[in-house]
Each structure stands twice: as structure tokens, then as C-alpha cells.
Amino acid sequence: AGSAVRSSIVVMSDAPGIVLLASGMLFLAKYFNEPKRYRLVLSFVFFSLGISVRYANAIIVLAVIICLIYIYRKIPAKKVLLSDTIIAALAGLVFFIPEFYYTSSYGISYFNYEGTVGTWASAWNPVNFFCLFFITFDGTNHYRLYNGLFFLSPVFHPMYLLMFGLTSLWGMLQAVKKHATVMIFCFSWIAAYYIYFSGCPYQSIRYTTSYFPPLIIFSVFGLSTLRFNYRFRITYVLISIILLAGWSYHDLGKLNEQKQKELEVVSWVNTNITASPLIYSFAVTGALNHYTGKNVHEFFNYNESKLTQEIDSARGDVYFILPAEVINTQWSTRPLKGIFDFVMTEYRPVELGKVDIYTIYRIDK
């Protein structure tokens, strides 16, 4: 699936995070089938590592609690389960110690922000299920689908299940009717993340990889219960995989196109800025720092006083590489727009040109 492919080639924690979560749930299911302590210990260790690489993965704890309650009701050795859970939890905590030390020292980035408007993670609200428009720390965003619908989209989204969504829905129906264990393990996993993401004032399809594995399980379960002949099912699977692969190729093309646009900005800087002046940029700072070798400052991190101090004390020209139209729209209600207007008004930089969405300005000194 395109989401899994993309997550595997970018510098993010989505791919290892989902592997760790899936491994944790796998050993939890194995423990249900045959309660051996090491399986529950491995399960909790995987969960601990999964939370360490991506804090939002902590939501899996809700699903784990539901599954453990279900296991408690089903197995006769209830005292053994309690002791195994305590030992497994301690093992998970031991593996989480380095991350706990880090968060106690630096906090969690989701909740570290300036001003009165929170990040998407800190502004959860059930009302957001029915909203299309949000103002957050990341600016103003207008969406086409209501949050509650958007986070259901992986069932048929071409980056996720696509045609396999049909067998996934069938699998859900069959699990409800015939297989309580599959239903409990998978529905609790999906529900925990779905409720959380749908209440956050931000939409990103990549976040739904957190509950992609149970959707796949439902799809495979549904496919196995279809009363069609073997040839039809194989044909269906092959066609679905070909469509997924085709969309993945298309999506990677868009990712590469975005990369090429960033490199165009890099090329402009390397060609037109030969000295080492003061440069500020927004949204493309990482690429500029990596490919140009120049010390490019992130415009987002500045306020008016700090910016004024640096500009006034600069010995050479000062450059700005900014997506002006994006700042004027998405960030119109945020401090970033005010700082941009301040620079335009106070210093009246000269516009040198445009590369894709980025406008290059210079303050002559």
C-alpha cells in the first residue's frame, strides 16, 4: 500500500512505529491462545518501544486494556494473568526509561507551543468529528470531508485498502457474527485511534497507519470467508494488488515531484547566492541547509524583536525564501503572518524572483 511504502522511505517514525505496535498485538494474541509469560512480556516491550518512537502510539494502551479484560474473562488462571501483567508492565517500563528521562527533561513537543491556540494533539474535542474548518498552531485549514468521515477513509482510500476495503467490511461483519476474539482485538485497536484522530483539529491520512494492520486483518478474514471459488479469489487479490501498486507508483511520483521543486529552490540559492549572507526560509529550510551548505534560519522560530536584532546587526545582504501565498492564506490568523507583514513593511525587501511557491526577497545593506 502507498502509505506503507511512503512511510518506509521518508525520515519519520511511522513505519517502525507500526511494526512495533503490530508485533505487540501479535504477542498479545499469542498469549490469549497460549498464556506463556514471555509472550506478554514481549508484547509490552514492543508497545513500550512503539510509544518511544511515536508518542501517539500510546493510544494503543486503551486497546490493550480492553483486550486484557477480555482475556481475563476467558481464561481460568486469572491470578496468573494478573502476575504476568504486572511483570510485563515492569519490563515495558524498564525499556521506556530512556524516553521517560528525555520527556521529563524536554517535555512532549505535541504540548509545547506558544500562544493561546494549541497544536492538533492538545486541542482534542468531540465536536471536531463534525468540523471542516480548523485554526491551530499550524495555521488555518479547510478540508473537504468532516473529520469523522475522513478518518474512516482508509477502508477504501487508494493509499490503503482500495478494493480490499470490500473484503474488510465483509470481514468486520463476519467477525461480529462469528468470531468475538477477532472483533475484540481489531475493533478496539481501530476504535481507540479513530476516536482520538477524529477529535483532533487536523487531517493527515498518514496518521491512520496506526490502525492499518487491523483493517488488513479484517480484509484477510473477510476474504477467507467468501463463498467464491479459489480462482475468483486469486483474481480478485491480484487485481487489487496491481491497483495498489499502480497508485503507490503514482504517489511516489508526486513525492519525487515535491522533492524536485525543493531542489529547484536549492539550485537557485547555489547559483545566485555565492557568499554566506543571512538567509531566512520557511518550509524548505531543511533542504536548503542540507544541500547548500549555508546556515539557513527557520523563519517560523522568530519574533519581531529577535528578527530585528539579527537583521540590523547583519554585515551583508539578508535574504528571505518564503511561500508568501501560503503565509497569507493558511497562516493569516497566526503570528507568522504578522512577522511576515512586519518584514515587508519595515524593511521593504526587494523581490528577486519566484521558484514554485517560494518567493525570494533581499534586503540590501
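Residues numbered from 1 in each chain as written. Predicted model: local features only at pLDDT ≥ 70, side-chain atom pairs only at ≥ 80, totals over all residues. Heavy atoms only, no water.

### Describing the state of the cysteines
- Taken as a whole and judged by the stated rule, the model has zero disulfides.
- Free of any disulfide, Cys131 has its nearest cysteine sulfur in Cys200, 12 Å distant.
- On the basis of relative accessibility, which here comes to 1%, the residue Cys200 falls in the buried class. (Disulfide = S-S within 2.5 Å. Buried < 20%, exposed > 50% of the residue type's maximum accessible area, 1.4 Å probe, protein only.)

### Some details on the sheet that holds strand E6 (residues 350-355)
- With mixed pairing, the five strands of this open sheet are ordered in space as E4-E3-E5-E7-E6. Each edge of the open sheet is held by one strand with a lone partner, namely strand E4 (296-298) and E6. Within the sheet, the average angular offset between the axes of one strand and its neighbour, ignoring direction, is 25°.
- Pairing of E6 with strand E7 (residues 358-363), which is carried by five bridges, proceeds in the antiparallel orientation. Looking at E7, one finds that Val355 is bridged to Tyr358.
- Across the sheet, helix H12 (residues 304-313) lies against strand E3 (278-281), strand E5 (318-322) and E7, angled at about 150° from E3, the strand it touches most. (Pairing = 2+ DSSP bridges. Helix = DSSP H or I, 4+ residues; strand = E, 2+ residues; numbered from the N terminus. Axes fitted to C-alpha atoms, helices over the stretch in contact; angles between N-to-C directions. Contact = heavy atoms within 4.5 Å.)

### Quick notes on the nonpolar core
- Residues Met25, Leu28, Ile60, Ile71 and Tyr211 are the most contacted members of the largest nonpolar core, which totals 53 residues.
- Ranked by residues supplied to this core, first place goes to helix H8 (residues 180-198) with 10 residues.
- Excluding anything up to four places from it in sequence, Ile71 contacts Leu28, Tyr31, Phe32, Leu81 and Phe185.
- Membership of the second largest hydrophobic core comes to 22 residues, among which are Phe299, Leu307, Ile311 and Tyr361. (Core = buried A, V, L, I, M, F, W, Y, C linked by side-chain atoms within 4.5 Å.)

### Description of the pattern of salt bridges
- Summed over all chains, the structure comprises nine salt bridges.
- Here Arg206 ties to Asp14 by a salt bridge, and the two come within 2.7 Å at their closest N and O atoms. In this pair, Arg206 sits in the loop between H8 and helix H9 (212-225) while Asp14 sits in helix H2 (residues 14-33), placing the two residues 192 residues apart along the sequence.
- Asp14 sits in the buried class, given a relative accessible area of 5%.
- Within this structure, Glu34, Lys36 and Arg39 form a network of salt bridges that share partners. (Salt bridge = Lys/Arg side-chain N within 4 Å of Asp/Glu carboxyl O.)

### Considering a nonpolar patch on the surface
- A contiguous nonpolar surface patch, about 530 Å² in accessible area, is contributed by Phe130, Leu145, Tyr146, Leu149 and Leu152.
- Given the relative accessible area of 38%, Leu145 is considered partly exposed. (Patch = residues over 30% accessible without salt bridge, like charges linked within 9 Å, V, L, I, M, F, W, Y side chains within 5 Å. Areas by Shrake-Rupley, 256 points an atom, 1.4 Å probe, with all protein chains shown as cover.)

### Considerations on helix H4 (residues 60-74)
- Here H4 spans 21 Å end to end across 15 residues, near enough to the 21 Å set by a 1.5 Å rise per residue.
- Of the residues making up H4, those classed as buried are Ile60, Ala63, Val64, Cys67, Leu68, Tyr70 and Ile71. Along H4, the residues classed as buried sweep out an arc of 160° about the axis, all on the same side. Facing away from the buried surface of H4 by more than 90 degrees, the exposed residues are Leu62 and Arg73. (Expected span 1.5 Å × (residues − 1). Arc of directions from axis to C-beta.)

### Observations concerning the pairing of E3
- The side-chain alternation of E3 yields two buried faces, one formed by Leu278 and Tyr280 and the other by Ile279 and Ser281.
- One ladder, built from four bridges, connects E3 with E5; its direction is parallel. Bridged to Ile279 within E5 is Tyr319.
- Bridge count for E3 against E4 is three bridges, and the pairing is parallel. Each bridged residue has a counterpart across the sheet, and for Ile279 the counterpart in E4 is Val296.
- Between the parallel pair E3 and E4, the chain is carried across by helix H11 (residues 285-292), and the sense of this crossover is right-handed. (Right-handed = clockwise from strand over helix to strand, strands pointing away.)

### Concerning the pairing of strand E2 (residues 139-142)
- Bridge count between strand E1 (residues 133-136) and E2: four bridges; the pairing is antiparallel. The residue bridging Thr136 from the neighbouring strand is Gly139, located in E2.
- Remark: two residues form the turn of the hairpin made by E1 and E2, two consecutive strands paired antiparallel.

### What about the packing of helix H3 (residues 37-53) against helix H5 (residues 78-106)?
- Following both chains from N to C, one finds H3 and H5 inclined at 30°, their axes separated by 8 Å at the closest point. In terms of axis orientation, H3 runs roughly parallel to H5. Considering only the axes of H3 and H5, their crossing is right-handed. Residues Arg37, Leu40, Val41, Phe44, Val45, Ser48, Leu49, Ile51 and Ser52 of H3 form the contact with H5, whose own contacting residues are Ser83, Asp84, Thr85, Ile87, Ala88, Ala89, Ala91, Gly92, Phe95, Phe96 and Glu99.
- Per-class residue counts for the contact of H3 with H5 are 12 nonpolar, five polar and three charged. (Parallel < 35°, antiparallel > 145°, perpendicular 65-115°, else oblique. Left-handed = near helix turned anticlockwise from the far one by under 90°. Nonpolar A, V, L, I, M, F, W, Y, C, P; charged D, E, K, R; others polar.)

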